[in-house]
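What the coordinates show
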Amino acid sequence: MIKRADIADHLPGPEFSASNLQRKNRRNRYKTILDNLPVGVLQINEDEQILFANSHFEEMLGYDGSQFPKTVKDLINPNTYFHTQHTWKDMWYTQRQFQVEIKFRNKNGLYMQTENIVKLILDENNKPDFALIVSRLTDPEGKPFPDQHISLFDPLTSLPTRNYLDSFLDGAIERTRQSGKMLGILIFNINRFKIINESLGHDAGDALLKLFSKRLIHGIDERDTVVRLGGDEFVVILEKIDKASDIVTIATRLLKMVSEPSQLSGHDISIAVSIGGSIYPRDSTDANTLLKYAGVALTEARKRRSSVARFYNPDMIVTPKQRLMYESELRRALDKNEFILYYQPRLSLATGKIVGLEALIRWKHPSEGIISAANFIPTSEEIGMIDKITEFTLRSVTRQLLDWQSRKVPVVPVAMNVSSKDLYTSDLTQSILHIVTEMGLPPALYELEITESSLIEDMDKVKTNLMEIRDLGVTISIDDFGTGYSSLRYLSSLPIDLLKIDGSFISGLTESDGIQSIIESTINLAHSLGMPVIAEGVATHEQLAFLCAKDCDQIQGYLCSPPLPPDKLEIFLEKHQPSDLVCSNFK
């Protein structure tokens, strides 16, 4: 939110004291910034007294500083609609920001048509404080003159823009320095926004951006600021923070808020979001460096498959040399047998029995320890190594199944995650056919998990290959359902056997009626298409009770078992008995 301190405190006004040199220099710096904007900027108080007008506004109306009127009444045509229908004090309580055409009177007494964004600001007691008017001339037909507008506010979301952020952040840092507190910068990115925009249309994309901005505004305090950087990126500036952990808490709360499911163009959409953060003065005292570090953290966050917030640490900045070393280590990992598989059980809610496993690849790095797939699969895709990792996973699962079969260990189907890049050619189909033929295992013991977004990105290319794989007898499931663009048409036309609800929904279901509705509708949708539903990330009995009430078929998560290496999994399977994790106990 813009406050008087953001602009008025940095500009010459009645309260200006020439004795405070530091304050004067700071105000002069911000005045220079605003004077050089190719738009008019006018600041008035609740009594319509003009507190500040930048040079462009004065020149636009033919004035210089010494002649400029003292009140806005001397400038605005008395027949201006909004001015005749309301007093400024009325609007302070009924409006916050609006766009309006205003006829301003120039020095020669002629009225000039302008297009304006008006921002009305309340003080800390919710009383009228000041208004900021950003103005540009229009031609006689009412069209803005081209190439003359650098707006401080985004016309779609009504949020301040990057131009505003550039002039604001230094002041926010200075206020934080003087207060002895901390400041947080959070950069938000809407994951897969391009897919939604292209699939549902730009109107739906615009509606999503508006919804997202409103959620951010409602989720912050009055002292904090939301800025639209452009595209699908937003910045939140958190001021007057006592400790770094408070910033992390706020980021977590905002992440949950903005990720709430919504409906766009008749489709249920869940907004997967990545957040990158930096903290003043812990990370830096320079505004540009803090923004850069938050961007670095955002890049790390976007490597994850679901919504996540990451905060900057120096290890995130990888030099080209370090990147090459990491890639080289990753390439050698296969030859050195550094990849291993963990398995997470899947439990039937009707019988309490283990009915499947999910194979999860890990990198057993010689110095870093166990590294999860989320930290190396994106790089593997970038360097063209993902097909070898898929092949390794497929063969490792096959060897494990044969080993269990030979030792009379109970054998159940094993699911494997498949990269979207594996689906663009028939190589995966041929690999599965070769292994199944060579090893003699039933194809029904294999299940391929395809992330929803990989289907949406290029469905025509993957559809044929999926049908060929399914014709072999392999089960196909959609993983992380709900984190991308959900379509009944796509689900009904693709050869899908199972649907897995993403764990981010399950973790928030007890806190959100909206998420509960999405889960229920997803289960009903899948059942109407003859698909069993698996809920991922189930960790509590409360979550289990809800899923049972909605007729979910299977669960996967720590309530049943964490991912386990093969030896520990065998112990788990040997000891497991149909337990209290069955729906009959909740009915």
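Scroll up to find the structure.
Residues numbered from 1 in each chain as written. Predicted model: local features only at pLDDT ≥ 70, side-chain atom pairs only at ≥ 80, totals over all residues. Heavy atoms only, no water.

**Describing the sheet that holds strand E6 (residues 182–190)**
Within a beta sheet, neighbouring strands are joined by backbone hydrogen bonds and run either parallel or antiparallel to one another. With mixed pairing, five strands are arranged side by side in an open sheet as E7-E8-E6-E11-E12. The open sheet terminates on both sides in strands that have one partner only, identified here as strand E7 (225–230) and strand E12 (308–311). Averaged over all pairs of adjacent strands, the angle between their axes in this sheet comes to 20°, without regard to strand direction. Together, E6, strand E8 (233–241), strand E11 (273–280) and E12 form the strand contacts of helix H10 (residues 287–301), whose direction differs from that of E11 by roughly 145°. (Pairing = 2+ DSSP bridges. Helix = DSSP H or I, 4+ residues; strand = E, 2+ residues; numbered from the N terminus. Axes fitted to C-alpha atoms, helices over the stretch in contact; angles between N-to-C directions. Contact = heavy atoms within 4.5 Å.)

**Quick notes on the packing of helix H13 (residues 386–406) against helix H14 (residues 427–439)**
At their nearest, the axes of H13 and H14 sit 11 Å apart, and the two run at 20° to each other. By the angle between their axes, H13 is roughly parallel relative to H14. Here the hand of the crossing between H13 and H14 comes out right-handed. Contacts between H13 and H14 involve Thr-390, Glu-391, Leu-394, Arg-395, Thr-398 and Leu-402 from the first element and Leu-428, Ser-431, Ile-432, His-434, Ile-435, Glu-438 and Met-439 from the second. For the contact of H13 with H14, a count of residues per class yields six nonpolar, four polar and three charged. (Parallel < 35°, antiparallel > 145°, perpendicular 65-115°, else oblique. Left-handed = near helix turned anticlockwise from the far one by under 90°. Nonpolar A, V, L, I, M, F, W, Y, C, P; charged D, E, K, R; others polar.)

**Quick look at the nonpolar core**
Membership of the largest hydrophobic core comes to 76 residues, with the highest contact counts inside it found for Phe-339, Phe-376, Tyr-446, Leu-448 and Ile-519. Examining the composition of this core, we find that seven residues originate from one element, H13, more than from any other. Ignoring anything within four residues of it in the chain, the contact list for Leu-448 reads Met-416, Val-418, Leu-428, Ile-432, Ile-469, Val-474, Thr-475, Ile-476 and Ser-477. (Core = buried A, V, L, I, M, F, W, Y, C linked by side-chain atoms within 4.5 Å. Buried < 20%, exposed > 50% of the residue type's maximum accessible area, 1.4 Å probe, protein only.)

**Some remarks on the state of the cysteines**
By the definition in use, this model includes one disulfide. In this structure Cys-552 is not part of a disulfide, and its nearest cysteine sulfur, from Cys-583, lies 7.5 Å away. (Disulfide = S-S within 2.5 Å.)

**As for the pairing of strand E15 (residues 369–372)**
It is a general feature of regular strands that their side chains alternate between the two faces of the sheet. Across four bridges, the pairing between strand E14 (residues 354–365) and E15 is antiparallel. Of the residues in E15, the one forming a bridge with Arg-362 is Ser-372. Adjacent in sequence and paired antiparallel, E14 and E15 are bridged by three residues.

**A look at the side chain of Ser-135**
Inspection of the secondary structure puts Ser-135 in strand E5 (residues 128–137). Residue Ser-135 is classed as buried on the basis of its relative accessible area of 0%. Side chain to side chain, Ser-135 and Asn-116 meet in a polar contact 2.7 Å long. Contacts of Ser-135, omitting those with residues within four sequence positions, involve Val-39, Gly-40, Phe-57, Met-60, Phe-104, Thr-114, Glu-115 and Asn-116. (Polar contact = N/O pair within 3.5 Å; in protein donor to acceptor, adjacent residues only side chain to side chain.)

**Notes on helix H8 (residues 202–219)**
In a regular helix each residue adds 1.5 Å, so 18 residues correspond to 26 Å; H8 covers 26 Å between its end C-alpha atoms and thus fits that length. For H8, the set of buried residues is Ala-204, Gly-205, Leu-208, Leu-209, Phe-212, Ser-213, Arg-215, Leu-216 and Gly-219. (Expected span 1.5 Å × (residues − 1).)

**Notes on the packing of aromatic side chains**
Counted under the stated rule, the structure contains eleven aromatic pairs. Between Phe-188 and Phe-212 the ring centres are 6.2 Å apart and the planes differ by 70°, which places this aromatic pair in the edge-to-face class. Taken together, the residues span a long stretch of sequence, with Phe-188 in strand E6 and Phe-212 in helix H8 at a distance of 24 residues. The same class applies to Phe-188 and to Phe-212, which are both buried. The interplanar angle of 45° and the centroid separation of 6.2 Å between the aromatic rings of Phe-339 and Trp-363 together place this pair among those described as tilted. With Phe-339 in strand E13 (residues 339–348) and Trp-363 in strand E14, this pair connects stretches of sequence that are 24 residues apart. Considered together, Phe-339 and Trp-363 belong to a single accessibility category, that of buried residues. (Phe/Tyr/Trp six-rings, centres within 6.5 Å; stacked < 30°, edge-to-face > 60°.)

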